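Here's the letter readout for the chains.
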Amino acid sequence: MRITDLLDKRSVMLYAAPSDKKQTLEQAISLMVQSGKIADEEAYRQQVFAREEESTTGIGEGIAIPHGKCDAVTRPGLAAMVIPGGVDFDSLDGEPVTLLFLIAAPNTKDNVHLDVLSKLSMMLMDEEFTAKLRSAKSVDEFMQIVDAADSERVSIDEQLQTKDGAASKILAVTSCPTGIAHTYMAAEGLEKAAAKAGCRIKIETRGSGGAKNVLTDQEIADADCIIVAADAKVPMERFDGKHVIECQVSDGISKADELIDRALKQDAPIYKSGTHTESSKATQGKSGSMAHKIYMQLMNGVSHMLPFVVGGGILIALAFLIDGQCVDINLLSEAERANFGTITPVAAFLKGIGGVSFGLMLPVLAGFIAEAIADRPGLALGFVGGMIAANGKSGFLGALAAGFFAGYIILLLKKVCDKLPESLEKLAPVLFYPVFGILLMGGAMNFVIEPVMGAINTALNSGLASMSGSSKILLGFILGGMMSVDMGGPFNKAAYVFGTASIAAGNYDIMAAVMIGGMVPPCAIALATLLFKDKFTKEERQSGPVNFIMGLAFITEGAIPYAASDPLHVLPACIIGAGISGALSEVFQCTLMAPHGGIFVFPVVGNAMMYLVALVIGTIVSTALLGLLKKKVA
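Residues numbered from 1 in each chain as written. Predicted model: local features only at pLDDT ≥ 70, side-chain atom pairs only at ≥ 80, totals over all residues. Heavy atoms only, no water.

Undergrad: Quick question: what am I supposed to make of unusual backbone geometry here?
TA: Non-glycine residue asparagine 213 carries a positive phi angle of around 55°. Structurally, asparagine 213 is set in the loop between strand S9 (210-212) and helix H9 (217-222). Asparagine 213 gets classed as buried once you look at its relative accessible area, which sits at 15%. A positive phi angle, close to 55°, is found at glutamine 589, a residue other than glycine. As for its position among the elements, glutamine 589 is in the loop between helix H25 (567-587) and helix H26 (608-629). (Helix = DSSP H or I, 4+ residues; strand = E, 2+ residues; numbered from the N terminus. Buried < 20%, exposed > 50% of the residue type's maximum accessible area, 1.4 Å probe, protein only.)

Given below as C-alpha cells:
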C-alpha cells in the first residue's frame, strides 16, 4: 500500500485560510468526509477533538498531524491542507501551522495502513519534502510530490534498524497514546539528531501495530544510555541499572538534539526497576505537582476498581429486582426480609456472584493505588491492606489510606534494601518486600488506619444514614452540581468517587444523585441546540443531538466542547440544572446500586419513574437557562 492510496484528491485543499485551530480541524474533517471513508461524521469529529485535548498535534516547523481512530472510520484515509497564511494551532514551538495532514484510522485488526501512515509521519520531518508540498500549484502536483517521495523512501523497519551490524550505544523507545504519527516522528527526529552527532542509535517504536524494532537484552546491556520518549505505557523493568532519559514523545520531535547530547554525556539518572510506574508515562510532563501525582495514583485505583463495582452492583440489583417481582415482601417474616435478594434460586445465584465481585472492590482499589506509587511490589501490600479494610470498620476510606501506605512502605523498603550487598539485594523483590512489607502493612492497618479511618467512616455513614429532609436534599444538590463543574475533571471525579464509596457503605441514594447530575448537562445541551438555534454555531447545532445519547448513557464529557467555548454562560446553566436533578432524586428517595450505565440501568433504580421525572426537570431547567444566558451567535 502507498500513501497516495490513502490520500484522495477530494481531500486535498491547497489554499486554505481558516481563522483558528477549531475551524482548521473542522475544515480538515469535512475534507476527510468528502473522501467517503467516514460513516459517522460526528463520532469521528469527537475523536479528533478528544485527541487534540490530550496534547497538541502541532509538532512544530509549521506542521500539524491531527488524527482520529474509531469505529466511525470505514477505511483508512488522509486529508491534507496547505495554509499559506498560517494559523495558530498551539504548536509545540509556537509557530503557525502551514501544512496539515489529518489521519483517519479504523478500529480493525488489519493494520497494514499503519506502516503507511507512520512512513508519512517520518517523511514530514524532511524539510525539503514539506517545502515542495507547500509550493505545489495543483492537487495533481501535490499528489505527485507525495508519490515520488514515497518511492524513494525505504520502509520504516529498514530505516530504523541499525545498519552494518554495528552495535548501538544509544537506544531509544518512542510511543504515543494513539501510536500513529508522533511515535514515528519522534523516532525520525532522534535518528536525525544521532546522525548529526555522528553516533548510531537503535529505536524501538511502540505504535498501534505493536512494538517494532524491539530492543534486545544484549543491546540494552551494552547501551550507554536509553531515551524513553513516550506518553503511553512502556515496559521499563528491562532498563534496570542503565542511564535512562524519560521525557514526553513531543520532546523526541522538538528537542531531539538536546536528548542525544544528554545521552552521549550520560546525563541521566540510573533507572531502578520498581521506582517508577510504567503508566506514569501517559501523564509525565503535564503536571509535576504533588497534588496531581496523588490524583493520578488515586484514579489508577478507581479505574481498576470500577469493573468490580459495576458488574457486582448490577448483578446484586438484578437479584433484588427478581425477588421483588416474584415475592410479596409484605408477606415475608423478619428473617426472610433480611435475606431479601436471595429468596428465589436465580436471585440467590446473582447475588452470590455480585457479592464476590463487591468483595474484591476495596482490595483492588488499594492494590492499584499502591501499584501506581511503587510499581508491582506494591500490589501485594495494597491487596492485604484493602482486604483488612473491607473486613474491618474503615471500609472505603481505610482502603484509600491502605493503598497510599502500601506504596510508600515499598518505597521505604527499597531505600533500605539499596544499601544491602548485591547478592542480597536481588532477594528483595521476592522475599524482603513481601515479608516485611505485609508485616508493616498489617501493623499500620491494625494500629493506625483502622482505628482512625474506622471512626471517621462510621461517623460519616451514620451521618449520611441520619440525614433527612433539607440536609439530604442539599447534599443531592451539591453532588449533582459537582458533576457539572468540570465534566470529568477533579470535582466531577470527587463526587463520583464519593458515590461509589457510598454504594460500598449501603447508601444507594447518593449514587443516584451523582449519576443523574452527570446526565443533565449533555441532555440539556442537546435540547438547547434544537430550541435555541440562534445561540449556537452551525457545527454546534449539527453535533448537538448526539448529546442526547451521551447524556442518557451517563457520559457527561459530551458537553465539554460547548462549555469550553462559552464557560461563563454554559457552566452555570448546567450546574444549576444538574444540582436540581440531584436534589429531586433525594426528594423522591431514588436509589442506585450500579455506579454507571445511565438509562440502561434504570430497571434497577429504586423509584425509577420519579428518577426519570427528576432527570427531565433538571434538563428543562438547564435548557431554559442556556436559552436565557447564552448570547446570539453572529
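Undergrad: Honestly, the nonpolar core in this entry has me stumped. Any pointers?
TA: Proteins that are soluble and globular tend to have nonpolar side chains buried together. Membership of the largest hydrophobic core comes to 66 residues, with the highest contact counts inside it found for Met305, Leu365, Phe396, Met441, Met515, Leu592 and Tyr611. Broken down by element, this core gets its largest block of residues, eleven residues, from helix H16 (residues 395-417). When residues no more than four places from it in sequence are discounted, the contact partners of methionine 441 are Leu381, Gly385, Ala402, Phe405, Ala406, Ile409 and Ile449. Judged by nonpolar contacts, the second largest core, of 31 residues, contains Ala80, Met143, Ala186 and Ile253. (Core = buried A, V, L, I, M, F, W, Y, C linked by side-chain atoms within 4.5 Å. Contact = heavy atoms within 4.5 Å.)

Undergrad: What's the story with a nonpolar patch on the surface in this structure? I'm lost.
TA: Taken together, the side chains of Leu424, Leu427, Val430, Leu431, Val435, Phe436 and Leu439 make up a nonpolar region of the molecular surface, amounting to roughly 640 Å² of accessible area. A per-element tally of the nonpolar patch places helix H18 (residues 428-466) first, with five residues. Secondary-structure assignment places phenylalanine 436 in helix H18. A relative accessible area of 43% means that phenylalanine 436 is categorised as partly exposed. (Patch = residues over 30% accessible without salt bridge, like charges linked within 9 Å, V, L, I, M, F, W, Y side chains within 5 Å. Areas by Shrake-Rupley, 256 points an atom, 1.4 Å probe, with all protein chains shown as cover. Salt bridge = Lys/Arg side-chain N within 4 Å of Asp/Glu carboxyl O.)

Undergrad: Would you mind showing me how to read the packing of aromatic side chains here?
TA: Aromatic rings considered in pairs are described by the distance between their centres and by the relative angle of their planes. Applying the stated criterion to the full structure yields six aromatic pairs. Aromatic pair phenylalanine 368 and phenylalanine 383: ring centres 6.2 Å apart, planes at 75°, arrangement edge-to-face. Of this pair, phenylalanine 368 sits in helix H14 (residues 345-374) while phenylalanine 383 sits in helix H15 (residues 377-391), placing them 15 residues apart in sequence. The ring of phenylalanine 89 is capped by lysine 21, whose NZ or CZ atom sits 4.9 Å from the centre of that ring. (Phe/Tyr/Trp six-rings, centres within 6.5 Å; stacked < 30°, edge-to-face > 60°. Lys NZ or Arg CZ within 6 Å of the ring centre and 35° of its normal.)

Undergrad: Just to check I follow, could you spell out the confidence of the model for the chain for this structure?
TA: Keep in mind that low pLDDT regions are not for reading the predicted coordinates in detail. Considering every residue of the chain, the mean pLDDT works out to 82; 87% of them sit at 70 or more. Taken element by element, the chain is modelled with least confidence in helix H7 (residues 156-160), mean pLDDT 51, and with most confidence in H26, mean pLDDT 94. Scored below 50 in pLDDT, residues 162-167 makes nine contacts in the model with residues more than four places away or belonging to other chains. Every residue in residues 275-288 is under pLDDT 50, and counting partners more than four places away or in other chains gives 30 contacts. (pLDDT = per-residue confidence, 0-100.)

Undergrad: Which parts of the structure should I look at to understand the packing of helix H19 (residues 470-485) against helix H21 (residues 508-531)?
TA: What describes two packed helices is the angle between their axes and the distance between those same axes. Interhelical geometry of H19 versus H21 gives an angle of 40° and a closest axis separation of 8 Å. One element, H19, and the other, H21, form an angle in the oblique class. Regarding H19 and H21, the two cross each other, and that crossing is right-handed. When H19 is examined against H21, the residues Lys472, Leu475, Gly476, Leu479, Gly480, Met483 and Ser484 are found in contact with a partner set consisting of Asp509, Ile510, Ala513, Val514, Gly517, Gly518 and Pro521. Its residues placed into classes, the contact of H19 with H21 shows seven nonpolar, five polar and two charged. (Axes fitted to C-alpha atoms, helices over the stretch in contact; angles between N-to-C directions. Parallel < 35°, antiparallel > 145°, perpendicular 65-115°, else oblique. Left-handed = near helix turned anticlockwise from the far one by under 90°. Nonpolar A, V, L, I, M, F, W, Y, C, P; charged D, E, K, R; others polar.)

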